[in-house]
Amino acid sequence: MNEGKIARFFETSPQLAALCQQNGWPDADTLRVEVGSPGADGTLCSVSFEEILMEGSGCVAGRLARWGQFLVQVDTEGNVREAKRL
């Protein structure tokens, strides 16, 4: 399993936005991906990051910790084929 490819997938995946709850966006600098052992249905991955919140003036209003889990399926090359949010 190529953990680096899975981490890069989440760095660019729009699926992280689904974990944001205050209409902010994921801070890629704080993204952490924990890759579990592969199973019959895929590999369980836990992701955490800070959601960046903005004020109307364009200033950062705050940051909120976010966390979620995904069931990831990879192809024989280690590339992510699918990631389902759990």
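Everything below is about the structure printed above this text.
Residue positions are given per chain, counting from 1 as you read along its sequence in written order. For a predicted model such as this one, the threshold for reporting local features is a pLDDT of at least 70, and the threshold for listing and counting side-chain atom pairs is 80 or more; totals across whole chains, interfaces and linings nevertheless cover every residue. Side-chain figures throughout are based on the complete set of non-hydrogen atoms in the structure, without hydrogens or water.

Points about the overall build of the protein chain
So, step 1. Segments assigned H or I by DSSP are reported as helices when at least four residues long, segments assigned E as strands when at least two residues long, and all are numbered from the N terminus. A count of helical and extended segments in the protein chain gives 1 helix and 5 strands.
So, step 2. What you see in the protein chain, going N to C, is helices and strands ordered as α-β-β-β-β-β.
So, step 3. Along the three orthogonal principal directions, the C-alpha set of the protein chain runs to about 45 × 20 × 15 Å.
So, step 4. Relative accessibility decides the category of a residue: with a 1.4 Å probe and only protein chains considered, values under 20% of the type maximum give buried, values over 50% give exposed, and everything between is partly exposed. Of all 86 residues assigned to the protein chain, the portion counted as buried reaches 30%.
So, step 5. The contact rule is simple, with two residues in contact once any of their heavy atoms fall within 4.5 Å. Sequence-distant contacts in the protein chain: of pairs separated by 6 or more residues, those separated by 24 or more amount to 46%.
So, step 6. Computed by Shrake-Rupley with a 1.4 Å probe, the accessible areas treat only the displayed protein chains as cover when residues are assessed. Here the protein chain has roughly 5,400 Å² of accessible surface; of this, 46% comes from carbon and sulfur atoms.

Points about the pairing of strand E5 (residues 80-85)
So, step 1. In this analysis, strands are considered paired if DSSP registers two or more bridges between them. Sheet analysis places strand E4 (residues 60-74) next to E5, joined by 5 bridges and oriented antiparallel. Counterpart to Val72 in the pairing with E5 is Ala83.
So, step 2. Hairpin connection between E4 and E5: a loop of 5 residues separates the two successive antiparallel strands, and Gly78 in this loop has a positive phi of roughly 90 degrees.

Some words on the pattern of salt bridges
So, step 1. Every case where a carboxyl oxygen of Asp or Glu lies within 4 Å of a side-chain nitrogen of Lys or Arg is listed as a salt bridge. According to the stated counting rule, one finds 3 salt bridges in the structure shown.
So, step 2. The closest approach of N and O atoms between Glu50 and Arg63, which form a salt bridge, is 3.1 Å. With Glu50 in strand E3 (residues 43-54) and Arg63 in strand E4, this pair connects stretches of sequence that are 13 residues apart.
So, step 3. Arg66 is paired through a salt bridge with Glu51; the nearest N and O atoms lie 2.7 Å apart. Taken together, the positions of Arg66 in strand E4 and Glu51 in strand E3 put the pair 15 residues apart, joining distant regions of the chain. Comparing Arg66 with Glu51, the two get one shared label, buried.

So, the packing of aromatic side chains
So, step 1. Here a Phe, Tyr or Trp ring, Trp counted by its six-membered ring, pairs with any other such ring whose centre lies within 6.5 Å, and the pair is stacked when the planes are under 30 degrees apart, edge-to-face when over 60, and tilted otherwise. What the rule picks out here adds up to 2 aromatic pairs.
So, step 2. Geometrically, the ring pair formed by Phe10 and Phe70 is tilted, given 5.1 Å between the ring centres and 50 degrees between the ring planes. Of this pair, Phe10 sits in helix H1 (residues 3-12) while Phe70 sits in strand E4, and the two are 60 residues apart along the sequence.
So, step 3. Owing to a relative accessible area of 0%, Phe10 belongs among the buried residues under this scheme.
So, step 4. Looking at Phe70, the relative accessible area reads 1%, which means it is buried.

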